[in-house]
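What follows is the residue order along each chain.
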Amino acid sequence: MPARPAAPPAGGLGWANLGMDIVSVNRVRRLLAQYGERFFERMLTPGELADCRTSSGLDVLSLCGRIAAKEAAFKTLRVRGRFLPWPDIVVRRSEGGWPLVELHRAAAEMAAESGITEITVSISHDVDYAVAVAAPIIAPTPYVSSSS
């Protein structure tokens, strides 16, 4: 049986490299109990942590949603041999309450290399899991007429 070809890189007419991730709430609770909030400071920016904070501390479901969204956004970039640049993918809450993805430094470079101008993301969470789906917004390619 012949090997399946690798998925094409992001970009190109009609391509939308979706990313999806799921995060276990119990696992994040264990990490939070074992290592404290400082563990998540490597993954989330101070602004992201502030978005996840309530008067009683970090909201674990929001924390899980942010982590899933970052992973999902990274998966849309379709890069090999690169680690997720956690602080370079920022997931913030818009004024309307939906999540917005900001790409900085290494993540912005990877996106530009793939023809991605932005990434849109949707987050959902329940008692045990948080999930996120991300889709890239591809830079339009200029129309070239084949007629002379």
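Residues numbered from 1 in each chain as written. Predicted model: local features only at pLDDT ≥ 70, side-chain atom pairs only at ≥ 80, totals over all residues. Heavy atoms only, no water.

A.B. asks: Quick rundown of the overall build of the chain? Include the residues and the values.
C.D. replies: When helices and strands are tallied, the chain shows four helices and seven strands. Walking the chain from its N terminus toward its C terminus, one meets helices and strands in the order β-α-α-β-β-α-β-β-α-β-β. Out of the 148 residues belonging to the chain, those deemed buried represent 38%. Summing over all exposed atoms, the chain offers an accessible surface of approximately 9300 Å²; the carbon and sulfur share of this is 55%. (Helix = DSSP H or I, 4+ residues; strand = E, 2+ residues; numbered from the N terminus. Buried < 20%, exposed > 50% of the residue type's maximum accessible area, 1.4 Å probe, protein only. Areas by Shrake-Rupley, 256 points an atom, 1.4 Å probe, with all protein chains shown as cover.)

A.B. asks: Describe the packing of aromatic side chains, listing the residues and the values that go with them.
C.D. replies: According to the stated counting rule, one finds two aromatic pairs in the structure shown. Look at Tyr-35 and Phe-39: their rings are 5.3 Å apart centre to centre, the planes differ by 20°, and that puts the pair in the stacked class. Since its relative accessible area comes to 47%, Tyr-35 is described here as partly exposed. Taking 5.2 Å as the distance between ring centres and 80° as the angle between the ring planes, the aromatic pair formed by Phe-39 and Phe-40 counts as edge-to-face. The class for Phe-39 is buried, based on a relative accessible area of 17%. Overall, Phe-40 belongs to the buried group, its relative accessible area being 0%. Through pairs of rings, three or more aromatic residues link up here, namely Tyr-35, Phe-39 and Phe-40. (Phe/Tyr/Trp six-rings, centres within 6.5 Å; stacked < 30°, edge-to-face > 60°.)

A.B. asks: Describe in detail the nonpolar core, supporting the description with residues and values.
C.D. replies: Ranked by size, the top nonpolar core spans 36 residues in total, and within it Val-28, Phe-40, Leu-63, Ile-67, Val-101 and Ile-119 carry the most contacts. When contributions to this core are tallied by element, the ones reaching two or more residues are α1 (25-35), α3 (60-76), β4 (89-93), β5 (99-103), α4 (105-113), β6 (116-125) and β7 (129-138). A total of nine residues in this core trace back to one element, the largest contributor, which is α3. The contact partners of Val-101, leaving out residues within four places of it in the chain, are Ala-73, Ile-89, Val-90, Val-91, Ile-119 and Val-121. (Core = buried A, V, L, I, M, F, W, Y, C linked by side-chain atoms within 4.5 Å. Contact = heavy atoms within 4.5 Å.)

A.B. asks: Break down the pattern of salt bridges for me, with residues and values.
C.D. replies: All chains considered together, the criterion is met by seven salt bridges. The partner of Glu-41 in a salt bridge is Arg-38, and the shortest N-O contact between them spans 3.6 Å. Note that Arg-66 and Asp-51 form a salt bridge whose closest N and O atoms lie 3.3 Å from each other. With a gap of 15 residues between them, Arg-66 in helix α3 and Asp-51 in helix α2 (residues 46-51) connect regions that are remote in the sequence. Assigned by exposure class, Arg-66 and Asp-51 land together as buried. (Salt bridge = Lys/Arg side-chain N within 4 Å of Asp/Glu carboxyl O.)

A.B. asks: So, the UniProt feature "binding site: Mg(2+)" (unreviewed entry) in the chain: which residues are in play, and what are the values?
C.D. replies: Sites flagged by UniProt as "binding site: Mg(2+)" (unreviewed entry) map to Asp-21 and Glu-71. The named residues occupy 51 residues along the chain; their greatest pairwise C-alpha distance, 6.1 Å, places them in one compact cluster. Turning to its location among the elements, Asp-21 is positioned in strand β1 (residues 19-24). At 3.1 Å, the side chain of Asp-21 forms a polar contact with the side chain of Lys-75. Checked against the element boundaries, Glu-71 lands in helix α3. Classification of Glu-71 as partly exposed rests on a relative accessible area of 23%. The residues contacting Glu-71, other than those within four sequence positions of it, are Asp-21, Leu-84 and Trp-86. (UniProt positions renumbered as here; feature names shortened; annotations may be inferred. Polar contact = N/O pair within 3.5 Å; in protein donor to acceptor, adjacent residues only side chain to side chain.)

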